[in-house]
Amino acid sequence: MAIIIKDNVFTLQTQNSTYQMKADSKGVLLHTYYGRKTDETDYSYMISMADRGFSGNLYEAREDRTYSLDFLPQEFPVRGSGDYRISCMHADLGTGVRDCLLFFHDYRIWHGKYELEGLPAMFASEEEAVDTLEIILKDSQEEFYVHLYYGVFEEHDIITRAARVENRTDKEIRLSKVLSACLDMDHDGMDMIHFFGRHAGEREMERVPLFHGVTELRSTRGTSSHQHNPFVILADKTTSEEMGACFGFSLLYSGGFHMHAEVDQFHQTRLVMGIDDSVFTWSLQPGEYFVTPELAMAYSGQGLSGLSHCYHNGFQKNLIRSAWKDKRRPILVNNWEATYFDFNAEKLLDIAKEAAELELDMLVLDDGWFGKRDDDYSGLGDWYVNEEKLGCSLKELADNVNELGLMFGLWFEPEMISEDSNLYRSHPEWAMVVPGRKPIRGRSQLVLDMSREDVRHYIKERLFAILDSANIQYVKWDMNRSVAAAYSALLPRERQGELRHRYVLGLYEVMEAMLKRYPDLLLEGCSGGGGRYDAGMLYYAPQIWCSDNTDAIERLSIHYGTSFGYPMSSVSAHVSVCPNHQNGRVTPFKTRGICAMQGTFGYELDLSKMTEEEKEEAREQVRTFKERYRLFQFGNYYRITSPLENRDFTAWEYADKDGKEAYMGVVYTDLHGNPAAQSVKFQGLLPEGNYVMQKDNKPAGTYTGAALMNGGILLPVPVENYDSCQIYIRLEE
Ligand code: GLA
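Since the structure is predicted, the reported quantities are computational estimates derived from the model, not experimental observations.

Caption draft 1: Representation of the site of the ligand. Taken together, 13 residues lie near the ligand, and D366, D367, K476, G529 and D548 sit nearest. Contact distances for the ligand include 2.6 Å between an oxygen atom and a side-chain N or O atom of D366. Interatomic distance of 2.9 Å between a side-chain N/O atom of R443 and an oxygen atom of the ligand. Relative to its free-state accessible area of 310 Å², the ligand is covered by the protein chains to the extent of 96%. Taken together, the residues of the shell around the ligand sort by class into four nonpolar, three polar and six charged.

Caption draft 2: Layout of the side chain of S724. Relative to the elements of secondary structure, S724 occurs in strand β38 (residues 724-731). For S724, the contacting residues outside a window of four places in its chain are K590, T591, I594, V666, V667, Y668 and D696.

Caption draft 3: Representation of the sheet that holds strand β2 (residues 9-13) within the structure. Spatially, β1-β2-β3-β4 is the arrangement adopted by the four strands of the open sheet, whose pairing is antiparallel. Two strands in the sheet have a free side with no partner beyond their single neighbour: β1 (3-6) and β4 (29-36). Sheet twist, expressed as the average angle between the axes of neighbouring strands with direction ignored, equals 15 degrees.

Caption draft 4: Region of the structure containing the pattern of salt bridges. With the rule as written, the count across this model stands at 52 salt bridges. Among the ionic pairs, E241 bridges to R639, the shortest N-O distance being 2.7 Å. Within this pair, whereas E241 is found in the loop between β14 (231-235) and β15 (246-252), its partner R639 is found in strand β31 (residues 636-639), the two being separated by 398 residues in sequence. With a relative accessible area of 18%, E241 lands in the buried category. Note on R639: relative accessible area 5%, which makes it buried. Salt bridges here are not isolated pairs; linked through shared partners, they connect D83, R85, D184, D264 and R270.

Caption draft 5: Geometry of the packing of helix α10 (residues 552-563) against helix α11 (residues 589-596). Closest axis-to-axis distance for the α10/α11 pair is 9 Å, and the angle between their directions is 20 degrees. Here α10 is positioned roughly parallel relative to α11, judged by the angle of their axes. As α10 runs across α11, the sense of the crossing is left-handed. Here A552, L556 and H559 of α10 lie close against α11, whose contacting residues are T591, R592 and C595. Taken together, the residues of the contact of α10 with α11 sort by class into three nonpolar, two polar and one charged.

Definitions and limits used
Residues numbered from 1 in each chain as written. Predicted model: local features only at pLDDT ≥ 70, side-chain atom pairs only at ≥ 80, totals over all residues. Heavy atoms only, no water. Near = heavy atom within 4 Å. Polar contact = N/O pair within 3.5 Å; in protein donor to acceptor, adjacent residues only side chain to side chain. Areas by Shrake-Rupley, 256 points an atom, 1.4 Å probe, with all protein chains shown as cover. Nonpolar A, V, L, I, M, F, W, Y, C, P; charged D, E, K, R; others polar. Helix = DSSP H or I, 4+ residues; strand = E, 2+ residues; numbered from the N terminus. Contact = heavy atoms within 4.5 Å. Pairing = 2+ DSSP bridges. Axes fitted to C-alpha atoms, helices over the stretch in contact; angles between N-to-C directions. Salt bridge = Lys/Arg side-chain N within 4 Å of Asp/Glu carboxyl O. Buried < 20%, exposed > 50% of the residue type's maximum accessible area, 1.4 Å probe, protein only. Parallel < 35°, antiparallel > 145°, perpendicular 65-115°, else oblique. Left-handed = near helix turned anticlockwise from the far one by under 90°.

Function cannot be read off these values alone, since they describe shape.
Structural data, given as structure tokens:
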């Protein structure tokens, strides 16, 4: 058992980290330690008590003015306790004042992992070293309880957190903020690493020092968003890729979120994270409870790459559930950039024939196969196959594709409705539009009210009818706008603040129902590319279309940013045509392949229009991916250089977990006359092993692991713009 309890001190031990809290003599749940693995000493001796001016004192402290929650480290700070810092909860217990005061009430521990009703959560089998601690807090006056959950994943150095708020009073309780967790640290001077972006430019990494005051990251868009990712790292100033301490915070939630980090007057740092509270309210009737999304925290003393490995392994093993999680993902060709809306079955089959020739695994039919949908102004919601456009039924198309030896996949955007659709004409009230006001459009479409049972029923009915009608083994689930001015016709005025969270719960319910009915289905998440790339989505979709930007060079930094918090097996990436459709750049076909192989691999171009030379390259790429997929999907991923810092080239590596083989991808991003020598060092090898090397599939000598890790290797000189190379090594037999 990884949870040790002594004198109200709760110590959670993972392989390399320790987390500790204590219910003190007043009953306050203090946070006492999080960091490098240590013993079970009661670390509350490190908390300094002093009479701090203008810091309120708990009544329970009597005349002791040194006791104030304004500076004490806590597990779940709330508004109304004399703590003026950012808090986890605003709860109106019946007076109109949004204050409460929580004290330790009870606890429970058990082997295994807690579950969260209706929400994604990490899980574990009986055999795994995973335990749960539940701490129950109670308001000083009212029968109002907060259950704090801690899931301890020993192997991954991950501790998950979530809260369940329970109304056992006989009156309504109104919540206007309930976050998932808080982490207090006794020092300042930390850097925050976060991932901002835009459509076609997601998850750009930025590292900034925290300052005295509050730093906010937020999505108010109803989705986790392109603009800010619900994953953040706090790191010591000196922490680098390979060395130093850092803490990760990944919210398993696909709706709006917020993260606040505050450095206070005593140079302490607090981080809180959870559901976006900007328009959030929740009414708890007597006997009801509210459950927050899960926050997965990780600690690494081995730099940022160590932290990424915690998340990569943890999510790969204990979050992703798909039947596909351990299988080689199909190499697919998607027709979006190949045809956009202009296709019929004949055109699709031409692409499929080439795909079969090149030994790809699947054809994915993207947007435009249903209703009246020849552009993006109409048809969403009308999930009926447009046989006239296709020239055949979906079943016939899928059968023909299958006969070529390929699987067949299909695009949906279930949460949306076009005003020009039969669905809208018969159910305008299903769109989230404020009565009497003009809607805010996004990509000329409106958002369906996923909080409504009838809407969810319709979506399931249509999805299932289509999935039953043909052999469809993959679904790309898209979502192409942000939520704005949302209103639900079924919620009373005082409950409209619940809509956005109810929307996310509704979305999860439909996805869950679909996966339950089609357990072998491969689900790919998508929201205009990577606008909903979050750990919550990974619970349903083992892979996510990383960005609508398919340019190999811009993808370098998008993949780089994504790799900090998400396994590379979740990164969906395709080879597309040049000049690239998003930015007009021309890159070699080979480079596009090497970049796309950083994730789950595929093509998004008209294969029937490729030159013979390109086809030859593609065959080579397909062979490489099939041969090396174990490394790409399950190897340890290392960011060898940062595309944000190294202007000359970007390199990344996958090393087999036992160090027996490794692959390095290198893409040159600049050219020079009379260029300086460039070199790279491998990581994760066996120092005494002898490794046989191939550069671009050609023999390139034998080196010891020590030499490759300490001396490194020289890179070939690039011969054209955006040249690239791949280096593969394996232990000599
Ligand atoms: C979004 C997706 C694209 C494609 C289009 C179709 O932009 O990210 O990959 O599916 O929608 O409309």
